[in-house]
Amino acid sequence: MKARTSFLFRFIFLLSIILPSSSEGHVSSSSGRSSIVFATLGSRSLNAFDIFTLPTNTNYPPNELQITDGKSINFNGYYPSSSSSATLLSLIPNQTLIQYSSSPQNSDSIGLVYVTERGGSTNIYFDLLYSDTPGSTRSRSALEIIPRLQVPLLKDNNVGVSFKDKPTVTGDYLVYVSTHEDPGKPRASWAAVYSTHLKTGLTRRLTPRGLADFSPAVSPSGIYTAVASYGENGWNGEVEELSTDIYVFLTRDGSRRVKIVQHGGWPSWVDDSTFYFHRRSQNDGWISVYRAILPSHGPISIDSVIVQRVTPPGVHAFTPAASPGNNKFIAVATRRPNSDYRHIELFDIVKKEFTELTRLVMPNAHHFNPFISPDSARVGYHRCRGASNDKKSSTQFMLENLKSPVPEISLFRIDGSFPSWSPGGDRIAFVQFPGVYVVNRDGSNRRQVYPSNAFGTIWDPVRPGIVYTSGGPHFASESTEVDIISIDVDQVGSFRKLTSDGKNNAFPAISPDGKWILFRSGRTGYKNLYIMDAVKGENGGLYRLTEGPWSDTMGSWSPDGEWIAFASDREAPGSGSFELFLIRPNGTGLKKLIESGSGGRTNHPYFSPDGKSIVFTTDYGGISAEPISNPHQFQPYGEIYTVKLDGSDLKRLTQNSFEDGTPAWGPIYIEPKDMEWAGYGPQCSFDDCHWLSEMPSRRFGFEMLQSKASMQCIA
C-alpha cells in the first residue's frame, strides 16, 4: 500500500508541475532593488574590537588605555614612527591642527594607524589623540581619550570595496593588504600587498600577479617588505596555522622578490637584517617565535639566512611584534596550557623569560596581534571592549549594513544564522542556537518561535506566518534524528513534524505555489533530495528527486517553480568538496552551476526574487588573512557571491577574514543603515581558535614536556 501511495503521489506531483500554476505568493521589488542578509560565524558584532595599550615597564597595576573610539570594530594597529607621523600630520588641514595643538590640557600625543570596519567596509585610519597624563586635573580613564583627530587614509576609488589589513606607513606611503583584484580562478586568494602614496592616492600592486601575500611587515628603513606567502603553490584549503613561506622584496616596487624562510608567518622587523616570525615546530608541535638573520654580504636566500628558535616549547607563542632598533624584547600573543584565553606577553630575548601583561588587567578576554611603539614604551593590541554605559559602545547590531558593490542590492549581516524572508519582506526568521526566532525587518518584536535545536528556515509563500525548519542536531550523520518542522509563528507553541522517519531530514525549501516541500534526507544511508506535500508532509506521499552515493543538500526553489538549486559533493563523494547544481523538479535538466575548484566548497544557494540569479557562500575567493590572527572560524574563508543561472556574471559581495554563510535574498530593498538591538551590548562571548587548545602530543604522537597545569580544551 505504501509503494502504491508513493507512486500515486509521484504521478500527482509530476502532473502538478507540468500544469500551469498560480504565482500567488511571489513578491518582488517593483524598483528592481532588493536586499541580502547573511550570517557570520560567531556573530561578528559580538567581537566589538577596540585597540588598547599598556606600558611595557613593569609598574603595577598596569594602566590599560583604550585608544580607539568604540565605533564598529577596530583592529591590527600600528604606531607610526616620528618621520611617518610627519607625513600623516601633513594630511590634516593646518587650521585644524593648530586648534588641536593649542589644547590647554597637560597631555601626551599618541598617533595610531589601524584597520576599522566603520561605514560598511574596512578602511585604514590615522588617529592623532591626547591621553591624560598622571598630572592631569581630569580623572584618567581607560575608556576615553579626548580630543581626537581622525583621518581615513584610503578612498574607495583607490581600492574599491575590499578587505584591507596590516597597515604600515613608511615615508609618504601606506603599505597594506587589499583584496580588490580578482585573480580569476577558483580558490585563489585575492589578498595582495599594495602601496598607496598618501598625498596623491596613487596605488601600485607590490605582489606579483597570480600570487597572494599576507601579513606584510616593512623594515625600519622602509627598504624591504617581508610577507607570508604560498608563492606559486597557492592555498590548499588550510584553516589553521598556514604553511606559508617568508618572502622579502623591495618596498618601492615589489622587485627583487626572494624566498628566505621555509614555513613561517607574521614577520616583524627589528632592523633591516633581522626579523621575527611564527611557525609550528615540526619536532614538538608548539607554535613558537623564530628569528631570521639575513647575511651582511652576498645574496639573500634560504641557504644564507640563519633561523633560530626564540620562544621555548610548552606554550604557543605567535604574531610577534618587535620594536625597531630594540632587540632586547618582543611582544607576543600566547595560549598557555593552563589558560582558556589568548594573552599578550613580553618575551625577554636575553633572559629568555616571559612577562605577563594583559592577564593582569583583563584575565578572561582574548587579546590579539600586539604591536610596539617606536620608543619601546608601549605595547598595543585589540580585544573586545565589552558593554558599557556609553550607548555607542553598548549597542549590538541586529542587522549590520555592509557596503555593497552592487548599488541595487543592500547587504546586511544578521545577528543569527540561516535567515529567510517572509513573502512580503516584512519579517525575517533566523536561528540563534538552539532556537528559531522571528523579527520585524526594522529590528523590532524579536521573539523565539521554536525552542529546540534547529537549522535552516524558509517561509511558506501562501500560508501567512508559517515557517519551516530542520529540528535536531546539525553537522550530523545520515541516521541522526532530524525532522522537518512546520511552525506557525503567530501562534505560541504551534509547531508540528512533517517527516516521520527522523533520518536526517533537513534544509526544507518550498515551491512558489506552496504545495510542495523539497528537503534532503539520509533515509537510504546517503543524503539525497526528496519532495513531499507541504501540508500533509511525508504522510501525503514522497517523491525522490535525486539518487546516488553522495550528499545532495541545501536546496532552493526558484520563484517561477522551474528550477531547484542545490549543493552536492557528487563529483567527489565524502571529500567535503561541494559544488552548485540545478535540476528541474521533475528530475530532468541536471547541470552544474559553479565549478568550485579542487577541494572547494560552494553551498547554501538562494534564488533572487526575480529568479534570474542565485546568492551563495563559497571559498572561491580563497583565504584573506592568517587564521591565527582572528577569533575562531571553522572555515575562515567563506564569502557571499551571486551568479546568474547560466553561470555568468559571478560577483563577490563580501570581503573580510571571517566565515560568512547562509545568505537569503529578500523581495524588498532595505535602506543601507545599521539596525540595533535596543539594550543589547557586545558580550565578548566568542572563541579563540579551537586548534590552539589542542595538546601537541595528541597531534604529533610524542611525550609533551610536563607543565604545572594541564591543557584546557575550549572546543
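Conventions and cut-offs
Residues numbered from 1 in each chain as written. Predicted model: local features only at pLDDT ≥ 70, side-chain atom pairs only at ≥ 80, totals over all residues. Heavy atoms only, no water. Pairing = 2+ DSSP bridges. Helix = DSSP H or I, 4+ residues; strand = E, 2+ residues; numbered from the N terminus. Axes fitted to C-alpha atoms, helices over the stretch in contact; angles between N-to-C directions. 1 Å grid on protein atoms, 1.4 Å probe; cavity = no way out; pocket = protein on both sides within 12 Å on 5 of 7 lines; lining within 4 Å. Points joined across faces, edges and corners; volume = space filled by probe spheres on them. Nonpolar A, V, L, I, M, F, W, Y, C, P; charged D, E, K, R; others polar.

**Points about the sheet that holds strand 32 (residues 454–459)**
Two strands in a sheet stick together by hydrogen bonds in their backbones, pointing the same way (parallel) or opposite ways (antiparallel).
Alright, step 1. Spatially, the 4 strands line up as an open sheet ordered 32-33-34-35, and their pairing is antiparallel. For this open sheet the edge positions go to strand 32 and strand 35 (495–497), each flanked by a neighbour on one side alone. Across the sheet, the axes of successive neighbouring strands diverge by a mean angle of 25°, strand direction being ignored.
Alright, step 2. Two elements, strand 32 and strand 33 (residues 466–471), share 5 bridges in a ladder whose sense is antiparallel. Across the sheet, Phe-455 pairs through a bridge with Ser-470, a residue of strand 33.

**Things to note about empty space enclosed by the protein**
Any empty space left between the atoms is revealed when a probe the size of a water molecule rolls over them.
Alright, step 1. For the coordinates displayed, the defined rule picks out 5 cavities of 30 Å³ or more.
Alright, step 2. Reported here for the largest cavity is a volume of approximately 650 Å³.
Alright, step 3. Lining the largest cavity we find 37 residues, and of these Ile-458, Ser-556, Trp-557, Tyr-606 and Phe-607 sit closest to its centre.
Alright, step 4. Put simply, the parts of the chain that give the lining of the largest cavity at least two residues each are strand 28 (417–421), strand 32, strand 36 (506–510), strand 40 (552–557), strand 44 (602–607) and strand 48 (660–666).
Alright, step 5. Grouping the constituent residues of the lining of the largest cavity by class yields 23 nonpolar, 13 polar and 1 charged.
Alright, step 6. In this structure, the second largest cavity is lined by 18 residues; those nearest its centre are Gly-120, Ser-121, Thr-122, Leu-402 and Gln-655.
Alright, step 7. Taken together, the elements giving at least two residues each to the lining of the second largest cavity come down to strand 26 (396–402) and strand 27 (409–414).
Alright, step 8. Among the elements that line the lining of the second largest cavity, the one with the most residues is strand 26, at 3 residues.
Alright, step 9. A class-by-class count of the residues in the lining of the second largest cavity yields 5 nonpolar, 8 polar and 5 charged.

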